[in-house]
Amino acid sequence: MVLFHASSMYHSCHEDDFFLDQTYHHEKEKPNLFCSLIGVKKWPRDKFVDAVSQRLHYDNYILNYHGIELGRPSRHLDVDFDYGQYASSPAFLHNAGVDYKAFWSIPSRLYNSSRFNLVVETSQCDNDFHLTEKTIKPLYVGQPFVVFADRHHLKNLRSLGFRTFGNLWSEDYDEIADLDMRIDAIIKLLNDLKNFNWDAHRYELETITTHNRLVFLTIAKTQIPVQMQRISETLKNCPWIPRQ
């Protein structure tokens, strides 16, 4: 359902980003190795962000956590918003007059400044497949990614028809159940990717990301009948709907 929702939303002409170029361009210069945009504070995220901040062997990355820039400055590449007022819930819950929802935004200029997206998903400690816009955005724009999520997140993505990058770098972290060991494996990978030859592997990267974009772009067409049928069945079972 989240893929259907995102596909419908990102292709809506009512969204601010609709008329912008939302494509990731592999051929453009990338001053940053990765970008990572992380929302509200949670203890697994705290642990992971601390490891990234302390154990990487380079500093050319964008890392924003809970509205704070922990890596290179990037506000000029993101949406025009005062992050000092940021709240993850709708504005009416905070009485602050803030109506910014990160789900809506595709910061393509920021993505295009980085070789890959370091996705930090909503959940890291469950056995479920918790797919959100955090993973969907790089799939949609066609950007390579590494994901800190629940175990088998990448495996479940592949089951939906998407491709990941295990033929180019190690994705063994996706098989690790222990949280600390999974973080260790991702940190090792992040350091290894400093020496990855992105230009030499551009064709393979473009092949994978183009495939993922095509899979995503067909979701609305294939899922609309399914979702409409589900809505129809739900409405039939609602006692407050008048019967003919």
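Residues numbered from 1 in each chain as written. Predicted model: local features only at pLDDT ≥ 70, side-chain atom pairs only at ≥ 80, totals over all residues. Heavy atoms only, no water.

Chemist: Sorry if this is basic, but what is going on with the side chain of Asn64 here?
Modeler: Along the chain, Asn64 turns up in strand β2 (residues 61–65). Among the polar contacts made by the side chain of Asn64, one reaches the side chain of Ser74 at a distance of 3.0 Å. Excluding its chain neighbours within four sequence positions, the residues that come into contact with Asn64 are Ser36, Leu37, Ile38, Glu69, Leu70, Ser74 and Arg75. (Helix = DSSP H or I, 4+ residues; strand = E, 2+ residues; numbered from the N terminus. Polar contact = N/O pair within 3.5 Å; in protein donor to acceptor, adjacent residues only side chain to side chain. Contact = heavy atoms within 4.5 Å.)

Chemist: Would you take a moment to explain the packing of aromatic side chains for this structure?
Modeler: Using the criterion set out here, one finds 12 aromatic pairs in the structure. Ring geometry for Trp169 versus Trp198: centroids 5.6 Å apart, planes at 55°, classification tilted. Of this pair, Trp169 sits in the loop between α5 (153–159) and α6 (179–192) while Trp198 sits in the loop between α6 and α7 (202–217); the two residues are 29 residues apart in sequence, bridging distant segments of the chain. For Trp198, a relative accessible area of 8% gives the class buried. (Phe/Tyr/Trp six-rings, centres within 6.5 Å; stacked < 30°, edge-to-face > 60°. Buried < 20%, exposed > 50% of the residue type's maximum accessible area, 1.4 Å probe, protein only.)

Chemist: Help me understand the packing of helix α2 (residues 43–55) against α6, please; the structure alone is not making it clear to me.
Modeler: Two packed helices can be described by the angle between their axes and the distance between those axes. At a closest axis distance of 10 Å, the pairing of α2 and α6 adopts a crossing angle of 35°. Considering how the two elements wind past one another, α2 and α6 form a crossing that is right-handed. Listed contacts from α6 to Trp43, Pro44, Lys47, Phe48, Ala51, Val52 and Arg55 of α2 are Leu179, Asp180, Ile183, Asp184, Ile186, Ile187, Leu190 and Asn191. By residue class, the composition of the contact of α2 with α6 is 10 nonpolar, one polar and four charged. (Axes fitted to C-alpha atoms, helices over the stretch in contact; angles between N-to-C directions. Left-handed = near helix turned anticlockwise from the far one by under 90°. Nonpolar A, V, L, I, M, F, W, Y, C, P; charged D, E, K, R; others polar.)

Chemist: Is there a simple way to explain empty space enclosed by the protein in this structure?
Modeler: Gaps left between atoms show up when a probe the size of a water molecule is rolled over them. With the rule as written, the count across this model stands at one cavity of 30 Å³ or more. Of the pockets and cavities examined, the largest cavity occupies roughly 60 Å³. Taken together, Tyr24, His26, Lys30, Arg115, Trp198, Arg202 and Leu205 form the lining of the largest cavity. Looking at side-chain class alone, the lining of the largest cavity contains three nonpolar, one polar and three charged residues. (1 Å grid on protein atoms, 1.4 Å probe; cavity = no way out; pocket = protein on both sides within 12 Å on 5 of 7 lines; lining within 4 Å. Points joined across faces, edges and corners; volume = space filled by probe spheres on them.)

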